[in-house]
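# Results of the structural survey
In case you want the letters, here they are:
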Amino acid sequence: MYAVMALSALAVLSLGAFLLQSSYQSREAFDWVSHSQRVIISLNSLQASLGEAESGLRGYLLTDDPAYLARFEGNLGQAHQLRERILDLVQDNPTQWKRAKTLNLLANDKARIMADAVKRGRRVGASRAVDPLARDRGRSLMQDISILTNAMRDDERRLLLQRTVDARQGYLFVRAAVVVGCSLLTLLIVLLGWQIRSGMTRPLEDLLDAVKRFGAGDRTARAKVGGSVEFRELALTHNIMAEQLGTAIEQSNRTEAMLARANNELLERSRTLEARQHSIELLSDLARRLQAIRDEGELTTVLDCFLPQVLPDLAGSLYVLNHSHNLLTRLSTWGEPYANPETFAPDQCWGLRRGQSHAVERTGADIVCGHARGNVPVERLCEPVIAGGEVLGLIYVEGLSDAEDRFRLTLLMENVALALVNENLRSRLREQSIRDPLTRLFNRRYLEEALQIEAARAQRSGTPLAVVMADVDHFKRFNDTHGHEAGDALLRAVAGQIQTHFRHGDIVCRYGGEEFTVIAPGASLALICQRVDELRRMVREMTIDFRGQRLGPVTMSFGIDVWTAAGGRSIDALIGEADRALFRAKRLGRDRIETVPQRVAAAAE
């Protein structure tokens, strides 16, 4: 009997120790799962910090706006901390440790290149700070970082899955051991009971009752301590075993619940990260298309293609502010918004009035914008598109948006704002490159391009092409007498008269100084001479109001040449012939019109 009792005690202690050890191993498995999660989150955060710093740097270099660098230093500092954290986390894994060291070097090079670009921008200006070699090197580094982080993340996910499976198997093994141990212990107790005499029946029944109730699931069941020394020791041993088993089972249940929660959280985070990655890739594609557009038509095409993909569960419209007419004009629409006006005034939108987002979750919750009135049963949101303190447009959205939609909408606004800024800048540069700043006429550069186009058109259609060279007589004397500001006023007045006396399709240019050129497609010699003579008389009768004085009169001299494809003459000589005719008019007394002699004879025939 004592041998059986000793064996039972040994089995109880061994089972308790085994269960405690298994519980510790389950806890350790959970810690490894958490470790893999931290590595994955750190990798994603490092990539996001570098990407946000690169986006801010790109915005600064494109717009010369320091506001884009508001979080630049913070992003680089956060990226440095994340690199150190990743190195610390993967020390136990030689393969990941080697990759982490390479990632640290690549990220450090990327941060240094971006920091150098910011220093150059602050020193010489953003427009002159762009270094193509550094930019290509930065893109290459970012691609290498993305490839390396993806490889590390895939390994961590594989390890996470394996560790989760190991923890689950450990739990199942512990549970089987508990069942087998309890069964073995019950068998030993039954064998011991057969050896007990009738005087020991009641203590034995109490002990067996406690064991049965514990096995049935009553974790509070304990044996009564009484009877002989042997039975008291046995009861005490059973109670200790019950406490240990209860603790082990409770710990195992908690571990299983924690593993289940961790797995669910990991799956949810994985889905969130996949959605965020898809959003970033989609918006990156949109940004690359927007950077490559050349005119507003291409901008509309790109937005019509990508807006339904960026915000597929919402409907809305993008409006662009037309400053000259003070109207918002619809540029693109996706979905089927309830409110979708073609144009509206800026003061009809509370978002534009306040310079910030304006959302109306339901009718009566807030003031409804004038452009979004009507029966709209969903949430309405107005997001002003602002860059450099200037209102560029408005994004109007209908529908309940979640956090991911908000994230996409924020990045969409930044990309659209940058595209609109670039489009406005291109338009202004184009206008400045072909216009004379004083008279607002086309300049000599535009004249040369237009002359080639009109000559080719005249050759195809067989129509004449007339060129008029005009010069203000005694302009230097006028400048010396009245001053340069008066001379500028005279040139503006003459430019206005020239534009008034020619057709809408004729091209009027300032050739240089006080000299003007007119290209008149389709005009015969007789017709162009009549128009020029009317202009000459109007200029002679014109006076200029300048600082309370009436200046004038002034006169102009003109040289005319008419080119046709049948004449066999090179187009390059057209300007020169008209210019020589102008010099002849100057030489013959000014305030007159001279034509190229052979052109006159040809017209008479």
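Further up the page is the structure itself.
The text that follows walks through the structure, step by step, so that each part is easy to find. Predicted, not measured: the structure shown is a model, and the values here were computed from it.

Conventions and cut-offs
- Sequence order as written defines the numbering, with residues in each chain counted from 1.
- Residues qualify for local features only when their pLDDT is at least 70, as the model is predicted, and side-chain atom pairs are given and counted only at 80 or more; totals for whole chains, interfaces and linings, by contrast, use all residues.
- Note that the side-chain values use all heavy atoms of the structure and ignore hydrogens as well as water.
- Site definitions follow a grid-based scheme: protein atoms alone, a 1 Å grid, a 1.4 Å probe that fits but cannot get out for cavities, and for pockets an open set with protein on both sides within 12 Å along at least five of seven lines, plus lining residues having an atom within 4 Å of a point.
- Grid points are joined across faces, edges and corners, and a volume is the space filled by probe spheres set on the points.
- Where helices and strands are cited, they refer to DSSP runs of H or I of at least four residues and of E of at least two residues respectively, numbered from the N terminus.
- Any residue outside Ala, Val, Leu, Ile, Met, Phe, Trp, Tyr, Cys, Pro, Asp, Glu, Lys and Arg is labelled polar, Gly included; the first ten of those are nonpolar and the last four are charged.
- Buried means the residue's accessible area, taken with a 1.4 Å probe over protein chains only, is under 20% of the maximum for its type, while exposed means over 50%, and partly exposed covers the values in between.
- A pair of strands counts as paired when DSSP detects no fewer than two bridges linking them.
- Any Lys or Arg side-chain nitrogen found within 4 Å of a carboxyl oxygen on Asp or Glu counts as a salt bridge.
- In this analysis an axis means a line fitted to C-alpha atoms, helices contributing only their contacting stretch, and an angle means the value between N-to-C directions, from 0 to 180 degrees.
- Any angle between 65 and 115 degrees counts as roughly perpendicular, while under 35 counts as roughly parallel, over 145 as roughly antiparallel, and the rest as oblique.
- Whether two residues are in contact is decided by their heavy atoms: any pair within 4.5 Å suffices.
- In summary, the pairing rule links any two rings of Phe, Tyr or Trp, Trp by its six-membered ring, whose centres are within 6.5 Å, and it sorts them by plane angle into stacked for under 30 degrees, edge-to-face for over 60 and tilted for everything else.
- Whether a charge sits over a ring depends on NZ of Lys or CZ of Arg being within 6 Å of the ring centre and within 35 degrees of the ring normal.

What follows concerns the layout of surface pockets. A probe as big as a water molecule, rolled over the atoms, marks out the empty space that is left. The computed volume of the second largest pocket comes to approximately 340 Å³. For the second largest pocket, the lining is made up of 21 residues, of which V178, V179, C182, R219 and I249 are closest to its centre. The dominant element in the lining of the second largest pocket, judged by the number of residues it contributes, is helix α4 (residues 132–194), at 8 residues. Considered class by class, the residues forming the lining of the second largest pocket number 13 nonpolar, 5 polar and 3 charged.

Let us look at the pairing of strand β5 (residues 380–387). Extensive coverage of β5 is indicated by the burial of 7 of its 8 residues. Of the strand pairs in this sheet, strand β4 (residues 358–360) and β5 are connected by 3 bridges, and their pairing is antiparallel. Residue pairing for β5: H358 is matched across the bridge by C382. Inspection of the sheet shows β5 paired to strand β6 (residues 390–398) by 8 bridges, in the antiparallel sense. Among the inter-strand pairings, A387 is bridged to a residue of β6, identified as E390. In sequence, β5 turns back onto β6 through a hairpin of 2 residues, with G388 there showing a positive phi of about 60°.

Right, let's get into the pattern of salt bridges. Applying the stated criterion across every chain yields a total of 27 salt bridges. In this structure, D591 and R540 form a salt bridge, with 3.2 Å as the shortest nitrogen-oxygen distance. On the criterion of sequence distance, the pair formed by D591 in the loop between α14 (573–587) and β13 (593–595) and R540 in helix α13 (residues 525–541) is long-range, its members being 51 residues apart. In this structure R540 comes out as partly exposed when scored by relative accessible area, which is 34%. Between R550 and D545 there is a salt bridge, with the nearest N and O atoms lying 2.9 Å from each other. Comparing R550 with D545, the two get one shared label, exposed. Salt bridges here are not isolated pairs; linked through shared partners, they connect D533, R536, R537, R540 and D591.

Okay, the packing of helix α11 (residues 475–482) against helix α12 (residues 484–500) next. As a packed pair, α11 and α12 sit with axes 7 Å apart at the nearest point and diverge in direction by 135°. Regarding the angle of α11 to α12, the classification is oblique. For the pair α11 and α12, the contacting residues are F475, F478, N479 and H482 in the first and H484, A486, G487, L490 and L491 in the second. Grouping the amino acids of the contact of α11 with α12 by side-chain chemistry returns 5 nonpolar, 4 polar and no charged.

With that settled, consider the sheet that holds strand β8 (residues 507–512). Strand order in this open sheet of 5 strands is β8-β9-β7-β12-β13, and the pairing throughout is mixed. The open sheet is flanked by β8 and β13, the only strands paired with a single partner. Shown here is a sheet whose adjacent strand axes are inclined to one another by a mean of 20°, direction ignored. Both β8 and strand β9 (residues 515–521) contribute to a ladder of 5 bridges, which runs antiparallel. Paired with G512 across the strands is E515, a residue of β9. Packed on one face of the sheet, helix α10 (residues 444–461) meets β7 (465–472), β8, β9 and β12 (556–563) and runs near 135° to β8.

With that out of the way, let us pick up the sheet that holds β6. Spatially, the 6 strands line up as an open sheet ordered β3-β2-β1-β6-β5-β4, and their pairing is antiparallel. Pairing within the sheet leaves two strands with one partner each, and these edge strands are β3 (343–344) and β4.

The next subject is the packing of aromatic side chains. Two descriptors summarise a pair of aromatic rings, namely the distance from one centre to the other and the angle between the planes of the rings. Applying the stated criterion across every chain yields a total of 2 aromatic pairs. Seen in terms of ring centroids, Y319 and F344 are 4.9 Å apart; in terms of plane orientation they differ by 70°. Their pairing is edge-to-face. In this pair, Y319 is assigned in strand β1 (residues 315–322) and F344 in strand β3, connecting sequence segments 25 residues apart. The exposure class of Y319 is buried, given its relative accessible area of 0%. Overall, F344 belongs to the buried group, its relative accessible area being 4%. Consider the rings of F442 and Y446, whose centres lie 3.9 Å apart with planes at 15°: the pair is stacked. Residues F442 and Y446 agree in their burial class; the two are buried. Here the basic side chain of R435 rests over the ring of F442, its NZ or CZ set 4.0 Å away from the ring centre.

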